[in-house]
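# Results of the structural survey
Read off the chains here:
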Amino acid sequence: MIITLVKKQKGISFINDMEKTYNSLEELEKLYERTGNMKLYIELENWKYYIQHPEEEIEITESLVNKEISLSEFDLDILNTIKHENPKSIRNLANKIDKDVSNVPA
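This section reports on the structure supplied with the text.

What counts as what
- Residues numbered from 1 in each chain as written.
- Predicted model: local features only at pLDDT ≥ 70, side-chain atom pairs only at ≥ 80, totals over all residues.
- Heavy atoms only, no water.
- Helix = DSSP H or I, 4+ residues; strand = E, 2+ residues; numbered from the N terminus.
- Rg over C-alpha atoms; globule rule 2.2 N^0.38 Å.
- Contact = heavy atoms within 4.5 Å.
- Areas by Shrake-Rupley, 256 points an atom, 1.4 Å probe, with all protein chains shown as cover.
- Lys, Arg positive; Asp, Glu negative; His and termini not counted.
- Charge placed at Lys NZ, Arg CZ, Asp CG, Glu CD.
- Phe/Tyr/Trp six-rings, centres within 6.5 Å; stacked < 30°, edge-to-face > 60°.
- 1 Å grid on protein atoms, 1.4 Å probe; cavity = no way out; pocket = protein on both sides within 12 Å on 5 of 7 lines; lining within 4 Å.
- Points joined across faces, edges and corners; volume = space filled by probe spheres on them.
- Nonpolar A, V, L, I, M, F, W, Y, C, P; charged D, E, K, R; others polar.

### Brief notes about the overall build of the chain
Counting its regular elements, the chain contains five helices and two strands. Order of helices (α) and strands (β) in the chain, N terminus to C terminus: β-α-α-α-β-α-α. Here the C-alpha radius of gyration of the chain, 19 Å, is well above what a compact globule of 106 residues would show, namely 13 Å. Long-range contacts, defined here as pairs at least 24 residues apart, represent 57% of the contacts in the chain between residues at least 6 apart. Counting only carbon and sulfur atoms, one obtains 49% of the accessible surface of the chain, whose full area is about 8100 Å². In the chain, 14 side chains carry a positive charge and 20 a negative one; their mean positions are 2 Å apart.

In structure tokens form, the structure reads like this:
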């Protein structure tokens, strides 16, 4: 099964994440120069871009492949409802999928 995770955030939030990971733009530049790692290069370029565009929204996707995960139709219904309707609580989710709240996993 392939599961795609999507994270939406503003540029300023991305910058904060980079600061937590690398401390500073200069530290990331040094690390990239030492390693030549392309992932670091992309993060460096994105960081520079979002410094100038802090309010722009970013959509980061990551796909996970796992042969051991098996989701039922009910599970997929829950995930699709969460993705498209953004319920505010388990009770709200239960109402949206027309199920008793006790039948919806927390």
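Past the structure itself, the notes keep going.
### Some remarks on the packing of aromatic side chains
If you walk through the whole model with that rule in mind, you get three aromatic pairs. Look at Y49 and Y50: their rings are 4.9 Å apart centre to centre, the planes differ by 85°, and that puts the pair in the edge-to-face class. Members of the aromatic cluster, joined through ring pairs, are F14, Y49 and Y50.

### Describing the layout of surface pockets
Taken as a whole, the largest pocket spans an internal volume of roughly 500 Å³. The wall of the largest pocket is formed by 14 residues, among which T4, L5, V6, L79 and K83 lie closest to the centre. Going through the elements one at a time, β1 (2-10) and α4 (73-85) are the ones with two or more residues in the lining of the largest pocket. The biggest single contributor to the lining of the largest pocket is β1, with seven residues. Per-class residue counts for the lining of the largest pocket are nine nonpolar, two polar and three charged.

### Some details on unusual backbone geometry
One non-glycine residue, N86, lies in positive phi territory at about 45°. Mapped onto the secondary structure, N86 falls in the loop between α4 and α5 (90-96). Residue D98 is not a glycine yet carries a positive backbone phi of 60°. Along the chain, D98 falls in the segment after α5.

Purely geometric stuff here, so don't read any function into it on its own.
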